[in-house]
Amino acid sequence: MIIESVEVVVTSPGRNFVTLLITTDDGLTGLGDATLNGRELAVAAYLRDHIAPLLIGRDAHAIEDTWQLLYRGAYWRRGPVTMTAIAAVDVALWDLKAQFVRLPLYQLLGGASRSGLLAYGHAGGRDLSELYDSIHRNLDEGFRAVRVQSGVPGIASLYGVATPDAAYEPARRTPRPAEEQWDSRAYLRHLPGVFEAVRSEFGPELPLLHDVHHRLTPIEAARLGRSLEPYDLFWLEDCTPAEDQEALRLVRSHTVIPLAIGEVFNSVHDYRTLIGERLIDYVRSSVTHTGGITALRRILDLAGLYQIKSGMHGPTDISPVGMAAALHLGLAIHNFGIQEYMPHAPVTGEVFWPSFTFAGGLLHPGDQPGLGVSINLPAARRFPYEAAYLPVNRLRDGTVHDW
Ligand code: EZ4
Ligand code: CO
């Protein structure tokens, strides 16, 4: 199975996506997701200018060798642009191999370890009444676990909180990043009361999650973890800036709240302290941003030795192709934990045709050969790229803060 052509498609049905198409002399086409939110064109150029010429004429079956060639062969290692580009190649090659043997990809990864993947949805509201409505909408859509984000009095616009008429989408199509505000003291005062109220309204069973989005110092995160312990969270996510692995030692020594981290990581080396010292409970990396199925499976195998589970990132900036890859991997591994799932806007479905399903709170990748996703290229051309940025955060005095 020789690689004959490599194409990078940048399309914007509802939001920007970068997709890699690898076509072989057998006439099969494999797809990989290369979407890096707000930095899409850097990955597209990396793939087009530096990777595509190396792939033409190679054996599409040689997944491990190609991964090592692209990782070691660049000399420059790691980093989100590089690892997202490598991930797209890796996933496209897994898609091709599985199509070649006419099996759903999860069968090549060891077969199904469960009947479906527990998914969590996103709930958010500016106040409790909006938040309750949003949680009810998630339950009506079938979710059996919910991430809860709340407005904070005194903070005008805040991560994770949508207005009732719009789905939450942090990347905005503006020529410059939007600015949001942050105030750790106001947040730390307000949040425990929100979880107390949500627990008493929705009862003890419903798994509740929360994302701090890298905004606290270790001692603030430790205090937050302690104050949320009575409400039995499934996890507290990204409580401190993720790249500071040692910060979690302090958090861990003060609270038993389960911790999840890693959506901005791109390598197993970002996790070595966190996993080796059991400082986290869930690995947030996605297939798309962490070097593909080949690389994320290694991270999750290492995590499994320490009873740490998967909690793959699944926002709308993971394309349907990236989501399908996550579901095949999640179905096959032993240490699956939970899968984030933010359904894409209906218009995204004009370009991407996935076959994965969501029913009874569980996702399943489906049983089509390969990933089970196809792309409608004429439709993709109807949605040209539009620059979009994630917001930035400022404190009350104007200082830039982690977003
Ligand atoms: O901010 O995907 O847990 N989910 C998240 C997401 C991220 C965006 C960044 O591209 O934190 O909303
Ligand atoms: Co997050």
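Heads up: the structure comes first, above all this text.
The residue numbers shown here count from 1 along each chain, following its written sequence. The naming scheme follows written order: chains are lettered A onward, ligands numbered 1 onward. With pLDDT at 70 or above as the cut-off, local features in this predicted model cover only qualifying residues; side-chain atom pairs require 80 or more to be listed or tallied, and sums for whole chains, interfaces and linings still use all residues. To obtain the side-chain values, all non-hydrogen atoms of the structure were included, while hydrogens and water were left out.

A. Inspection of a negative patch on the surface at higher detail. Together, Glu243, Asp244, Glu246 and Asp402 make up a region of like negative charge exposed at the surface. Mapped onto the secondary structure, Asp244 falls in the loop between strand E8 (235-237) and helix H8 (247-254). Assessed through its relative accessible area of 36%, Asp244 is described here as partly exposed. Like charges are joined within 9 Å and nonpolar side chains (Val, Leu, Ile, Met, Phe, Trp, Tyr) within 5 Å, but only among residues with over 30% relative accessible area and no salt bridge; these make up the patches. Here the open area of atoms and residues is found with the Shrake-Rupley method and a 1.4 Å probe, where only the protein chains shown may cover a residue. Counted as salt bridges are all cases of a side-chain nitrogen of Lys or Arg within 4 Å of a carboxyl oxygen of Asp or Glu. Positive charges come from Lys and Arg, negative ones from Asp and Glu, while His and the chain ends are left out of the count. Just so you know, the charge point we use is NZ for Lys, CZ for Arg, CG for Asp and CD for Glu. The numbering of helices and of strands both runs from the N terminus, where a helix is a DSSP run of H or I of at least 4 residues and a strand a run of E of at least 2. For every residue, the accessible area obtained with a 1.4 Å probe (protein chains only) is divided by the maximum for its type, and the residue is called buried under 20%, exposed over 50%, and partly exposed between those limits.

B. Spatial organisation of unusual backbone geometry. The phi torsion at His214 lies on the positive side, around 65°, for a residue other than glycine. Relative to the elements of secondary structure, His214 occurs in the loop between strand E7 (208-211) and helix H7 (218-228). Its identity is not glycine, yet Gln307 carries a phi of approximately 60°, on the positive side. Mapped onto the secondary structure, Gln307 falls in the loop between helix H10 (292-305) and strand E11 (309-312). On the accessibility criterion, Gln307 (70% relative accessible area) is exposed.

C. Looking closely at the coordination of the cobalt ion (ligand 2). Distances from the cobalt ion (ligand 2) to its protein donors, Asp211 (OD), Glu237 (OE) and Glu263 (OE), fall at 2.0 to 2.1 Å. Distances define the donors: N, O and S atoms within 2.8 Å of the metal qualify, as do those within 3.2 Å of Na, K or Ca. Water is excluded, so some sites may look unfinished. For a four-donor site, all angles between 85 and 135 degrees give tetrahedral; for four or six donors, opposite pairs above 155 degrees with the remaining angles between 65 and 115 give square planar or octahedral; all remaining cases count as irregular. Coordination geometry of the cobalt ion (ligand 2): the six donor atoms subtend angles of 24 to 178° at the metal centre, consistent with an arrangement described as irregular. Read in sequence order, the donor residues coordinating the cobalt ion (ligand 2) give the pattern D-x25-E-x25-E. Taken together, the positions of Asp211 in strand E7 and Glu263 in the loop between strand E9 (259-261) and helix H9 (272-276) put the pair 52 residues apart, joining distant regions of the chain.

D. Region of interest: the layout of surface pockets. Grid spacing is 1 Å over the protein atoms alone, the probe is 1.4 Å, and a cavity is where that probe fits but cannot get out, while a pocket is an open set with protein on both sides within 12 Å along at least five of seven lines and lining residues have an atom within 4 Å of a point. Grid points are joined across faces, edges and corners, and a volume is the space filled by probe spheres set on the points. In this structure, the largest pocket spans a volume of roughly 860 Å³. In terms of lining residues, the largest pocket is bounded by 37 residues, among which His213, Glu263, Val264, Leu390 and Trp403 are the most central. Charged means Asp, Glu, Lys or Arg here, nonpolar means Ala, Val, Leu, Ile, Met, Phe, Trp, Tyr, Cys or Pro, and polar covers whatever is left, Gly included. Of the residues belonging to the lining of the largest pocket, the class tally is 18 nonpolar, nine polar and 10 charged. Each pocket or cavity is described by its volume, and for the second largest pocket that value is around 660 Å³. Lining the second largest pocket are 31 residues, and of these His122, Ala166, Ala167, Tyr168 and Met342 sit closest to its centre. Among the elements of the structure, strand E4 (117-125) and helix H5 (128-140) are those that each provide at least two residues to the lining of the second largest pocket. Looking at the lining of the second largest pocket residue by residue, the class counts come to 13 nonpolar, 11 polar and seven charged.

E. Examining the pattern of salt bridges more closely. For the structure shown, the criterion picks out 16 salt bridges. Put simply, Glu180 and Arg172 hold a salt bridge, and the shortest N to O gap is 2.8 Å. What makes Arg172 partly exposed here is its relative accessible area of 29%. For Arg284, the salt bridge is made with Glu340, and the minimal N-O distance between the two is 2.9 Å. Of this pair, Arg284 sits in the loop between strand E10 (282-283) and H10 while Glu340 sits in strand E12 (residues 338-340), and the two are 56 residues apart along the sequence. Taken as a pair, Arg284 and Glu340 share a single burial class, namely buried.

F. Expanded view of the sheet that holds strand E18 (residues 400-401). A pair of strands is treated as paired once DSSP finds two or more bridges between them. Spatially, three strands are ordered E6-E17-E18 in an open sheet, and the strand pairing comes out mixed. Strand pairing shows two members of the sheet lacking a second neighbour, strand E6 (179-181) and E18, which therefore form its edges. Sheet analysis places strand E17 (residues 392-394) next to E18, joined by two bridges and oriented antiparallel. Within E18, the residue paired with Asn393 across the bridge is His401.

G. Fine view of the sheet that holds strand E3 (residues 29-33). The sheet built from three strands is open, its strands ordered E1-E2-E3 with antiparallel pairing. At either margin of the open sheet sits one strand with a lone partner, and together these are strand E1 (3-11) and E3. Across the sheet, the mean angle separating the axes of adjacent strands is 20° when strand polarity is ignored. Relative to E3, strand E2 (residues 17-24) is paired through five bridges, and the arrangement is antiparallel. Paired with Thr23 across the strands is Thr29, a residue of E3. In this analysis, two residues are considered to be in contact whenever any of their non-hydrogen atoms come within 4.5 Å of each other. For helices, the fitted line uses only the C-alpha atoms of the stretch in contact; every axis is such a line through C-alpha atoms, and the angle between N-to-C directions lies from 0 to 180 degrees. Each of E1 and E2 is contacted by helix H1 (residues 40-55), which is oriented at about 175° to E1, the strand it contacts most. The strands touched by helix H3 (residues 80-100) within the sheet are E1, E2 and E3, with E3 carrying the most contacts at an inclination of about 145°.

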